[in-house]
Amino acid sequence: QVQLVESGGGLVQPGGSLRLSCAASGIIFALNSEGWYRQAPGKQREWVATITSDGTKKYADSVRGRFTISRDNFKNTVYLEMNSLKPEDTAVYFCNVGSVPNIYWGQGTQVTVSS
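This structure is a prediction, so every number in the text was calculated from the model and none was measured.

### Description of the state of the cysteines
Here's step 1: Counted by the stated rule, this structure contains 1 disulfide.
Here's step 2: Here C22 pairs with C95 through a disulfide, and the sulfurs are 2.0 Å apart. Residues C22 and C95 are joined through a disulfide that is right-handed, its torsion about the S-S bond being 55°. Residue C22 is found in strand β3 (residues 18–25), and its partner C95 is found in strand β9 (residues 91–99); the two are separated by 73 residues along the sequence. Residues C22 and C95 agree in their burial class; the two are buried.

Given below as structure tokens:
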């Protein structure tokens, strides 16, 4: 079975940084595409970033230049490095892997940006 375990969320001041991790079992990240999504209270889940099996990276306009997605194939883990955080980045962040119909999601980790 596929399981994604996320970690790294927490409380940070505006302008600060956090690194989120998503460790996988039951699937090989290097053979798939992975993504990060987020959902703020009262809002729909939105796409944040993607890294494909060949290493191509894509970002939403709202985070481009501040966030970096990466993958460690030896650890079978994807990361989201978040810099220059803003209060509007506050959300539950989710990672996923795969393609329709076999898409798997992590449990989510809370990121709160507040002074």
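### Remarks on the pairing of β9
Here's step 1: The sheet contact formed by strand β4 (residues 34–39) and β9 spans 6 bridges and is antiparallel. Looking at β9, one finds that G35 is bridged to N96.
Here's step 2: One ladder, built from 3 bridges, connects β9 with strand β11 (residues 109–113); its direction is antiparallel. Residue pairing in the sheet places Y93 in a bridge with T109 of β11.
Here's step 3: As paired elements, β9 and strand β10 (residues 102–105) share 4 bridges and run antiparallel to each other. Among the inter-strand pairings, V97 is bridged to a residue of β10, identified as Y104.
Here's step 4: What sits between the antiparallel neighbours β9 and β10 is a turn of 2 residues.

Thresholds, definitions, all that
Residues numbered from 1 in each chain as written. Predicted model: local features only at pLDDT ≥ 70, side-chain atom pairs only at ≥ 80, totals over all residues. Heavy atoms only, no water. Disulfide = S-S within 2.5 Å. Helix = DSSP H or I, 4+ residues; strand = E, 2+ residues; numbered from the N terminus. Buried < 20%, exposed > 50% of the residue type's maximum accessible area, 1.4 Å probe, protein only. Pairing = 2+ DSSP bridges.

Geometric values such as these leave the question of function open.
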